[in-house]
Amino acid sequence: MERTEILVVGGGPGGLACATMLAQNGARVALAERKPEIGPKVCAGGITWHGLIKHVPSSLIERSFPEQLIVTPGQRLTVTEKNPIIATVNRQRLGGWMAGQAAEAGVTLLSGARVCGLAANRATLERANGQRMDIAFQHLVGADGSNSAVRRYLGLPNTAMGLGLNCMAPGAHPRMEWHLDASLFGSGYAWIFPHSEASSIGAYGDSRHFTAQRLKRRLLLWTERQGLPVDAQTLRAGLVNFDYRGVRFAGGWLIGDAAGLASGLTGEGIYPALVSGQEVARMILDPGYPAPELKTLARKHRRHRLLATFAGNSPRLCGPLMEALVLFLRMKIIDFHSLEMAD
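Residues numbered from 1 in each chain as written. Predicted model: local features only at pLDDT ≥ 70, side-chain atom pairs only at ≥ 80, totals over all residues. Heavy atoms only, no water.

**Observations concerning the overall build of the protein**
Each helix and strand in the protein was counted, giving 9 helices and 20 strands. Taken over C-alpha atoms, the radius of gyration comes to 20 Å for the protein, in line with the 20 Å a tight globule of 343 residues would show. For the protein, the spread of C-alpha atoms along the principal axes amounts to about 60 × 40 × 40 Å. Residues counted as buried form 53% of the 343 residues belonging to the protein. Look at the contacts in the protein between residues 6 or more apart in sequence, and 68% of them connect residues 24 or more apart. Total accessible area on the protein is roughly 15300 Å²; 52% of this is exposed by carbon and sulfur atoms. Each charge class in the protein can be summarised by its mean position, and for the 37 positive and 27 negative side chains these summaries are 5 Å apart. (Helix = DSSP H or I, 4+ residues; strand = E, 2+ residues; numbered from the N terminus. Rg over C-alpha atoms; globule rule 2.2 N^0.38 Å. Buried < 20%, exposed > 50% of the residue type's maximum accessible area, 1.4 Å probe, protein only. Contact = heavy atoms within 4.5 Å. Areas by Shrake-Rupley, 256 points an atom, 1.4 Å probe, with all protein chains shown as cover. Lys, Arg positive; Asp, Glu negative; His and termini not counted. Charge placed at Lys NZ, Arg CZ, Asp CG, Glu CD.)

Dropping the structure here:
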């Protein structure tokens, strides 16, 4: 049996951030990622100025936008600021860069290693070649996304989930756009996030009201109206877990989407994953650490969840609510950054 002090399950930004910080402070850390390569994920790839842009190497930034176009059936609003509001990154390149940092810090990276069994202080991993290995650990950290095996092992349900559809369409779109159309997407939205040589085009909705097929039909109807070149066969679906119940439990820790820390309002997940990953690392290293950044993130998450739940439970009000939201943005009663997970 292999042994490690800390086993992190999941090689997304949260898991890598957590593992890297732990290893940099002297802990023995192994990270298991079920995919053969660390990085790729169904994701629009947007990061915010208040959240992550300043903490990511400029070489990883594909496009940055000081303007955001917001469209509803009744309004068009361009939000403009001096600094970039949102930038786009390639998740595969971001994952590769973070994996390099983790390896340099001394993390043992196990890609193509699926967790097929969990028990107290012990995990069984199955590698791509079918071989199995057992790992004993002192701490277990679940960073394995919305469909988290660690969360299931801890006995936590998922009752609040968003659904996202995304594809990379050829061509660099000139603007970053958000389209709020309650008749198509309910309390969700469609987006155009330009990258360097392609654009992320997709839609987000409440999984209580949309199956993947229904959201796909609505998205394709919208892209046809917009004249966007989308191949239906390239669309990929992903769940967004916003059922947050904490990060520390008797059998282990949860971070990012596994903890339910993604925004129920916008689906934003990279920033909450990184912050919670680093905060959990600090809590493991110092049991008395008060985790102020996690508390701030949890407060913002509660506000997003309340708004998402209210809008989702009031389908007839979704359209008027979205028109009011854009009007308040236009009148500067609310700030665009209030829709971000970062303060």
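**Things to note about the nonpolar core**
Core analysis: the largest hydrophobic core is formed by 63 residues, its most contacted members being Leu7 and Val29. Top contributing element to this core by residue count: helix α7 (residues 270-285), with 8 residues. The contact partners of Val29, leaving out residues within four places of it in the chain, are Thr4, Ile6, Val8, Ala19, Leu22, Ala23, Gly106, Val107 and Thr108. With 22 residues, the next largest nonpolar core counts Val79, Ile85, Leu180 and Leu329 among its residues. (Core = buried A, V, L, I, M, F, W, Y, C linked by side-chain atoms within 4.5 Å.)

**Side note on a nonpolar patch on the surface**
There is a patch of nonpolar side chains on the surface, built from Leu327, Phe328, Met331 and Ile333 and spanning about 370 Å² of accessible area. The residue Phe328 is located in helix α9 (residues 315-330) in this model. (Patch = residues over 30% accessible without salt bridge, like charges linked within 9 Å, V, L, I, M, F, W, Y side chains within 5 Å. Salt bridge = Lys/Arg side-chain N within 4 Å of Asp/Glu carboxyl O.)

**Side note on the packing of helix α8 (residues 292-313) against α9**
Closest axis-to-axis distance for the α8/α9 pair is 6 Å, and the angle between their directions is 125 degrees. In terms of orientation, α8 lies oblique with respect to α9. Taking contact as the criterion, the partners of Phe310, Ala311, Gly312 and Asn313 in α8 are, on α9, Pro315, Leu317, Cys318 and Leu321. Residue classes in the contact of α8 with α9 are distributed as 6 nonpolar, 2 polar and no charged. (Axes fitted to C-alpha atoms, helices over the stretch in contact; angles between N-to-C directions. Parallel < 35°, antiparallel > 145°, perpendicular 65-115°, else oblique. Nonpolar A, V, L, I, M, F, W, Y, C, P; charged D, E, K, R; others polar.)

**What to know about the environment of Leu110**
If you trace the backbone, Leu110 turns up in strand β9 (residues 108-111). Of the residues examined, Leu110 reaches a relative accessible area of 11% and is grouped as buried. For the pair Leu110 and Arg127, spaced 17 residues apart in the sequence, the C-alpha separation amounts to 8.8 Å. Look past the residues within four positions of Leu110 in its chain and what remains in contact with it is Leu31, Ala32, Glu33, Leu125, Arg127, Met133 and Ile135.

**Describing α9**
Each turn of an α-helix holds 3.6 residues, which means side chains three or four residues apart point in the same direction. For α9, with 16 residues, the first-to-last C-alpha span of 24 Å sits near the 22 Å given by 1.5 Å per residue. Restricting attention to buried positions, one finds in α9 the residues Cys318, Met322, Val326 and Leu329. Buried residues along α9 sit against β6 (67-71), β7 (76-80), α4 (182-185) and α8. At the exit of α9 stands Lys332, carrying a positive phi of roughly 65 degrees. (Expected span 1.5 Å × (residues − 1).)

**A word on the side chain of Thr72**
Mapped onto the elements of the fold, Thr72 is located in the loop between β6 and β7. Given the relative accessible area of 7%, Thr72 is considered buried. Ignoring any residue separated from it by four or fewer positions in sequence, one finds Thr72 in contact with Leu180, Met322, Glu323 and Val326.

**Things to note about the sheet that holds strand β5 (residues 61-65)**
Strand order in the open sheet made by the 3 strands is β4-β8-β5, with antiparallel pairing throughout. For this open sheet the edge positions go to β4 (46-48) and β5, each flanked by a neighbour on one side alone. Ignoring which end each strand starts from, the neighbouring axes of this sheet average 30 degrees apart. Relative to strand β8 (residues 86-89), β4 runs antiparallel, the two sharing 3 bridges. Considered in β8, the bridge of Gly46 is made with Thr88. (Pairing = 2+ DSSP bridges.)

**Quick look at the pairing of β8**
Of the two faces of β8, the one carrying Ile86 and Thr88 and the one carrying Ala87 and Val89 are both buried. Sheet topology places β5 next to β8; 4 bridges connect them, and they run antiparallel. Residue Ser64 lies in a different strand from β8, and its bridge partner there is Ala87.

**Describing helix α2 (residues 91-105)**
Helix length check: α2 (15 residues) gives 21 Å between terminal C-alpha atoms against 21 Å at 1.5 Å per residue, within 8%. For α2, every residue scored as buried is listed here: Arg91, Leu94, Gly95, Met98, Ala99 and Ala102. For α2, the arc enclosing every buried residue in end-on projection is 130 degrees, short of the 170-degree limit, so these residues lie on one face. In the core, the buried residues of α2 are packed alongside α1 (13-24), β8, β9 and α7. You can read the cap of α2 off the contacts: a side-chain oxygen lies 2.8 Å from the backbone nitrogen of Gln92, and it is on Asn90. A positive backbone phi angle near 110 degrees is found at Gly106, which sits one or two residues after α2. (Arc of directions from axis to C-beta. Polar contact = N/O pair within 3.5 Å; in protein donor to acceptor, adjacent residues only side chain to side chain.)

In short, geometric facts, not functional conclusions.
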